[in-house]
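For reference, the chains in residue letters:
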Amino acid sequence: MDTIASLFSFITTPVSWVIVQFHSVYGAVFGPDTGWAWGLSIVSLVILIRICLIPLFVKQIKATRAMQTLQPEMKKIQERYKNDRQRQSEEMMKLYKETGTNPLSSCLPILAQSPFFFALYHVLNSIASNDTIGVINERLLESAQKAHIFGAPLAAKFTDSSEKVAALDSSLTDVRVVTAIMIVLMSLSQFYTQRQLMTKNVDTTVKTPFMQQQKMLMYVFPIIFAVFGINFPVGVLVYWLTTNVWTMGQQMYIIHNNPTPGSKAQAAYLERLSKHVAKHGKTRNRRERAIVKAIVAKGRDRNEYERKFINGLNKAGLAAQGDGTVIKSETTAAAQAEDGTPTTTGAAPKRQQPKRQTKAQRQTGTAKAAGEPTSLTKSDEPQSSTKPAAAAKKGNAKPAGSTRSKAQSGQRKGPQRPKSPSKK
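With that settled, consider the packing of aromatic side chains. The final tally for this structure, using the stated rule, is six aromatic pairs. Where Y121 meets F232, the ring centres are 6.3 Å apart and the plane angle is 75 degrees; that geometry is what we call edge-to-face. Separated by 111 residues along the polypeptide, Y121 in helix α6 (residues 108-128) and F232 in the loop between α10 (209-229) and α11 (234-257) bring together distant segments of the chain. Both residues of the pair, Y121 and F232, belong to the buried class. Between F191 and Y219 the ring centres are 5.6 Å apart and the planes differ by 50 degrees, which places this aromatic pair in the tilted class. With F191 in helix α9 (residues 172-200) and Y219 in helix α10, the pair connects residues that are 28 residues apart, well separated along the chain. Exposure remark for Y219: the relative accessible area of 48% places this residue in the partly exposed category.

Low pLDDT means the predicted atomic positions in that stretch should not be read closely. For the protein, per-residue confidence averages 76 on the pLDDT scale, and 73% of positions sit at 70 or higher. Scored below 50 in pLDDT, residues 332-350 shows 16 contacts in the model against residues more than four places distant or in partner chains.

We now examine the pattern of salt bridges. Within this structure, the stated rule accounts for six salt bridges. One salt bridge in this structure joins R87 and E91, with 3.1 Å as the shortest N-O distance. With R87 and E91 both in helix α5 (residues 85-99) and four residues apart, this pair spans about one turn of that helix. You can call E91 buried: its relative accessible area is 18%.

This brings us to helix α14 (residues 304-315). Relative to the 16 Å expected for 12 residues at 1.5 Å per residue, α14 spans 16 Å between its end C-alpha atoms, a close match to the ideal helical length. Lining the buried residues of α14 we find α12 (264-280), α13 (286-298) and β3 (318-320). Near the N-terminus of α14, the side chain that reaches the backbone nitrogen of Y305, with its oxygen 3.1 Å away, is that of N303. Trailing α14 by a residue or two, G317 shows a phi angle of about 80 degrees, which is positive.

Positionally, K200 belongs in helix α9. Since its relative accessible area comes to 40%, K200 is described here as partly exposed. Residues in contact with K200, not counting those within four places in the same chain, are I255, S263, K264 and A265.

What follows concerns the side chain of S187. With respect to the helices and strands, the residue S187 is situated in helix α9. Among all residues touching S187, those that are not within four sequence positions of it are P222, F225 and A226.

What follows deals with the nonpolar core. Grouped together as the largest cluster of nonpolar side chains are 46 residues, with contacts concentrated most on W38, L45, L120, I127, I136, M182 and Y239. For this core, the element with the highest residue contribution is α6, accounting for eight residues. The contact partners of M182, leaving out residues within four places of it in the chain, are I149, V234, L237 and V238. If you look at the next biggest cluster of nonpolar residues, it comprises 12 residues, including I291, V292, L318 and V326.

Our focus in this paragraph is the side chain of Q266. Along the chain, the position of Q266 falls in helix α12. Of the polar contacts made by the side chain of Q266, one reaches the side chain of N303; its length is 3.2 Å. Leave out the neighbours within four places in its chain, and Q266 touches P259, T260, P261, N303, Y305 and E306.

The relative placement of two packed helices is expressed as an angle between their axes plus a distance between the axes. For the pair α13 and α14, interaxial distance at closest approach is 11 Å and the crossing angle is 105 degrees. In terms of their interaxial angle, α13 and α14 are classed as roughly perpendicular. Here V292, I295 and K298 of α13 lie close against α14, whose contacting residues are E306, F309 and I310. Of the residues contributing to the contact of α13 with α14, the split by class is four nonpolar, no polar and two charged.

Here is what the cut-offs are and how they apply
- Residues numbered from 1 in each chain as written.
- Predicted model: local features only at pLDDT ≥ 70, side-chain atom pairs only at ≥ 80, totals over all residues.
- Heavy atoms only, no water.
- Phe/Tyr/Trp six-rings, centres within 6.5 Å; stacked < 30°, edge-to-face > 60°.
- Helix = DSSP H or I, 4+ residues; strand = E, 2+ residues; numbered from the N terminus.
- Buried < 20%, exposed > 50% of the residue type's maximum accessible area, 1.4 Å probe, protein only.
- pLDDT = per-residue confidence, 0-100.
- Contact = heavy atoms within 4.5 Å.
- Salt bridge = Lys/Arg side-chain N within 4 Å of Asp/Glu carboxyl O.
- Expected span 1.5 Å × (residues − 1).
- Polar contact = N/O pair within 3.5 Å; in protein donor to acceptor, adjacent residues only side chain to side chain.
- Core = buried A, V, L, I, M, F, W, Y, C linked by side-chain atoms within 4.5 Å.
- Axes fitted to C-alpha atoms, helices over the stretch in contact; angles between N-to-C directions.
- Parallel < 35°, antiparallel > 145°, perpendicular 65-115°, else oblique.
- Nonpolar A, V, L, I, M, F, W, Y, C, P; charged D, E, K, R; others polar.

Below, the structure written as structure tokens:
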């Protein structure tokens, strides 16, 4: 431990100074020797560090998504050069260089936070050993040793002996109960954070060994925290539990507002966005416009959820533009009823199916198309048709419609061919 302390000794003074500054603020409210004053000082230290690490967290998200996108290409390289490790490594590095990705970028927040973690561990360990460190003088050291969180001293560990715990004015039972609860909460928060990442914010269309590794880490990390947590002082457990809760909340915010393309979280987000845009006819802010712009730019490369989102806008009579805005579709504006009122929900008018005709109507239509006279019913026959022969004799003229002899039954319509003379 002395080697690790010497490596991170350059940061113990800034960490101790930050804790003392927060302690002066909370000590004025809760009292300088209370566990609330020292505990909240550690929590505030975590929040300050995590706020400073937000740019690295954003870079981590981009690197993780880029690595997920490259998984199919990486799998092809592994299968192609499975017998040549050197060539496989060269092709991998070439792929990283071409795409501008770095596998270590996903570990940046953890790596950047590690010095502060070890510095805080060394500060609390010095308090337990009754040694001054950084800006913590003898007066602050005595105050920190009196501080208890639910009966457990800040510098006490789960593995401490009863004599050491008694020297810190506490009991071994209180220390082990408090540390055990904190270790369980720390492991559960780590497990939930990794689980929501794997179940909601992972591209389900990509099945690679990377996914299996992430699932394995989902169970390995909580076990690691549980094993090493029994050697952490209560103050360090407060620090790490606060870090896990912050990470969990930060992850939930990212999943809800900026999910990974192709994930279940994206499907839920686009469904919410589609309902809002269909109701108000526009996007709300710059972030939504950026998401719509990215979906439009993909074109045919859109995934299933993105195509469903675009189709939903079209059905609502809206069209997504290249700049991320949404406008009313021209086809919807033109789709109006005959009386001039717009159609409901801006949807295109439904196509009317023709009514089914009866057999008589179909025969009538066929006869009209051929130019032949249709048969008349009794009610449609003219009254003068009762005496056609008399009218013909009186006027020595053929009745109307007799210019062409009607075809007798059994004969074809139209001009008849002369019969050939029979041979006797």
